Structures are given as structure tokens and as C-alpha cells.
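Reading the structure
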Amino acid sequence: MVSAVLPLHIAVIMDGNGRWALSLGKKRTYGHYIGSKVVDDITKESVNLKIKYLTLYAFSTENWKRPKTEIKFLISLLHTQITKKENLFKENNVRFNVIGDISVFPQRTRDMLENTIEKTKNNKALTLTLALNYGSKLEITAACKKIAHDTESGRLQACDISENTIEKYLFTKDMPDVDLLIRTGGEKRISNFLLWQSSYAELIFFDKYWPEFTKEDLRDAVHEFQHRKRRFGGL
Ligand code: FPP
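Residues numbered from 1 in each chain as written. Predicted model: local features only at pLDDT ≥ 70, side-chain atom pairs only at ≥ 80, totals over all residues. Heavy atoms only, no water.

This next bit is on the side chain of His79. With respect to the helices and strands, His79 occurs in helix H3 (residues 68–84). Those residues within four positions of His79 in sequence are excluded, and the remaining contacts are Arg108, Thr109 and Met112. (Helix = DSSP H or I, 4+ residues; strand = E, 2+ residues; numbered from the N terminus. Contact = heavy atoms within 4.5 Å.)

This is how it looks when you write it as C-alpha cells:
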């Protein structure tokens, strides 16, 4: 049986910015800049395809290991690009959202993120979520701590803890599970991204680097998803 159902939630590991730029004899940061432009095309195409949730891995908890100059560039790119994307969000009815521990970012970046979240909160076509200082292990550890705290204080009974309870303590508490996980850049791993939420996701890998990813590639991935048989552990 072929399912023509659309993925409700697509998550993307946007890998290969640095290698793409170096292959052109440019600095790695140029790859991040072009990568941030590709986000516009993929956001618009997701709206076009009637995808409801698009989650992009923009900065992982492991990315702090990079040279300080690259980290600084990524944070400053985030600032300028999200500010610039406000029109895109308005014109395409996109709600902006963030998952991850953003407390580590500069105050003006946090203010900008919260401001954009607030301004776009009533937009309905697509929820675009950026994973920033995000890691699944961080997320699950934080959820365990909060659950332990609420159990100690009597707000929660240990015997009542279910999968549903855990989901309510994750950064993604208001979001559906991932249906389709795309990774560009040729590596075939999940890199600490949405481990709980991708338990039954279909995985599609592209050899091309993120700055080369096009709306046609997104359409191809959705098409392939629609031809996969999803059994969720059943027969
Ligand atoms: C992975 O490529 C990419 C990142 C760590 C950053 C992703 C960020 C962007 C695409 C910019 C997003 C910005 C906004 C505002 C949405 P890599 O550097 O690890 O590439 P490599 O594997 O070739 O080194």
C-alpha cells in the first residue's frame, strides 16, 4: 500500500555548509551565509506543499567546540537573518519558534528571538522551528530533572509517568513527532537531533551540501516519503 499522506513534521540536519564553501575556495562562514538563504526557499516550499511543521538544526550543543570566530559569525548571522526574515514570515503566514537552551546567547539575540516568536504567534500555515543550542541528550536530561523535581514536590506521582508525561517536559511539547528527517552533506547519522521525536521518522539522506539543496530536492524527499511503507512496529 502506498501512502499519499504528507509528512506533518519535517526535520532537517542542514549539513555541509563549510565543505561547500571550502570546495569553492571560500571561507566556511560563506557557506553558513548561503545556507541561511536556502532556509528561505525551503520555508516557502514547505508552505507551498502544505507541510505544517519544519524544524531546522541550526546550532547544536556540540557546535561550541568550533573556533570562536565561527561561533561568533553563526550567532551574528542568526541575528541579522531572523530579523530579515520577518517579512517572509508575514507574507507566508509562518509562525517562528525555537527549541534548545537559548539562555546562553547574548541578551539582544534572545530578545530578538522572543520578539519574532511573539510577532508571529498567530500565523497558521507553517511552524518553522530553529533548534538553537539544541541537543537531544540535553533536552532529555532537562526533562528528567524537571520530572524528578515535580515528583519530589508532589505535583507528579511516579506511577503516573507515561510517554505522554515525558513528551510534555520536552522542548517540543506542543509539536507532533517527526515524520521525515532529512540530512544533507553525505553523512549518515542523527547527531543528537530529536532522538525521541524521530523514533519512527523516515530518514532520507542527500549527498549534496546544504547550500546546494533546492525546493525540488524537498519535493523529491516528500515524494519518496509518500512511497515508504510505515508500519510503526506493526505488520
Ligand atoms: C552544518 O554545516 C551547519 C551548521 C552547524 C550551521 C547551520 C546554520 C545555517 C544553515 C544557517 C542558519 C541560519 C539561520 C538564520 C536560519 P557544517 O558547518 O558542519 O558543514 P561541514 O560539515 O561541511 O563542516
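Moving on to the sheet that holds strand E2 (residues 53–60). Spatially, E3-E4-E2-E1-E5-E6 is the arrangement adopted by the 6 strands of the open sheet, whose pairing is parallel. Either end of the sheet is taken by a strand with one partner, and the two such strands are strand E3 (94–99) and strand E6 (202–205). Here the average twist between neighbouring strands, direction ignored, is 20 degrees. For strand E5 (residues 180–183) and E6, the ladder comprises 4 bridges, and the chain directions are parallel. (Pairing = 2+ DSSP bridges. Axes fitted to C-alpha atoms, helices over the stretch in contact; angles between N-to-C directions.)

On to the site of the ligand. In the vicinity of the ligand, 17 residues are found, and the nearest of them are Asp15, Arg19, Arg28, His32 and Arg66. In the environment of the ligand, an oxygen atom lies 3.2 Å from a nitrogen or oxygen atom belonging to the backbone of Gly18. Residue Arg28 places a side-chain N or O atom 2.9 Å away from an oxygen atom belonging to the ligand. Within the complex, 91% of the 620 Å² of free accessible area of the ligand lies under protein. (Near = heavy atom within 4 Å. Polar contact = N/O pair within 3.5 Å; in protein donor to acceptor, adjacent residues only side chain to side chain. Areas by Shrake-Rupley, 256 points an atom, 1.4 Å probe, with all protein chains shown as cover.)

Looking now at the nonpolar core. The biggest cluster of nonpolar side chains holds 39 residues, and the ones touching the most others in it are Ile10, Leu132 and Ile182. Of all the elements, H3 adds the most residues to this core, at 5 residues. The contacts of Ile10, once residues within four sequence positions are left out, are Ile51, Tyr53, Leu54, Thr55, Leu180, Ile182, Leu218 and Val222. Core analysis: the next-biggest nonpolar cluster, separate from the first, contains 13 residues, Ala11, Tyr53, Ala131 and Leu181 among them. (Core = buried A, V, L, I, M, F, W, Y, C linked by side-chain atoms within 4.5 Å. Buried < 20%, exposed > 50% of the residue type's maximum accessible area, 1.4 Å probe, protein only.)

The subject of this paragraph is the side chain of Asp15. Inspection of the secondary structure assignment puts Asp15 in the loop between strand E1 (9–13) and helix H1 (17–23). Of note is the side chain of Asp15, whose polar atom sits 3.0 Å from the side chain of Arg183. Filtering out sequence-adjacent residues up to four positions away, Asp15 remains in contact with Arg183, Thr184, Gly185, Glu187, Tyr209 and Trp210.

It is worth spelling out the pattern of salt bridges at this point. Counted by the stated rule, this structure contains 16 salt bridges. A salt bridge links Asp179 to Arg230; the nearest nitrogen and oxygen atoms lie 3.2 Å apart. With Asp179 in the loop between helix H7 (163–168) and E5 and Arg230 in the segment after helix H8 (215–226), the pair connects residues that are 51 residues apart, well separated along the chain. Residue Asp179 is classed as buried on the basis of its relative accessible area, which comes to 13%. The exposure class of Arg230 is partly exposed, given its relative accessible area of 25%. (Salt bridge = Lys/Arg side-chain N within 4 Å of Asp/Glu carboxyl O.)

Before going further, it helps to spend a moment on the packing of helix H2 (residues 28–49) against H8. Each packed pair of helices is defined by two parameters, the angle between the axes and the distance between the axes. Between H2 and H8, the least distance of the axes is 9 Å, while the angle of their chain directions is 45 degrees. For the element pair H2 / H8, the angle class is oblique. Crossing handedness for the pair H2 and H8: right-handed. Residues Ile42, Glu45, Ser46, Asn48 and Leu49 of H2 pack against Lys215, Leu218, Arg219 and Val222 of H8. Taken together, the residues of the contact of H2 with H8 break down into 4 nonpolar, 2 polar and 3 charged. (Parallel < 35°, antiparallel > 145°, perpendicular 65-115°, else oblique. Left-handed = near helix turned anticlockwise from the far one by under 90°. Nonpolar A, V, L, I, M, F, W, Y, C, P; charged D, E, K, R; others polar.)

Under the defined criterion, the tally for this structure stands at 12 aromatic pairs. Centre to centre, the rings of Phe59 and Phe105 are 6.1 Å apart; their planes meet at 75 degrees, and the pair counts as edge-to-face. Of the two residues, Phe59 sits in strand E2 while Phe105 sits in the loop between E3 and helix H5 (107–119), which places them 46 residues apart along the sequence. Phe105 carries the same exposure label as Phe59, and that label is buried. The rings of Tyr57, Tyr134, Phe171 and Phe193 are connected pair by pair, giving a single aromatic cluster. Above the face of the Tyr30 ring, Lys26 is positioned so that its terminal group lies 5.0 Å from the ring centre. (Phe/Tyr/Trp six-rings, centres within 6.5 Å; stacked < 30°, edge-to-face > 60°. Lys NZ or Arg CZ within 6 Å of the ring centre and 35° of its normal.)

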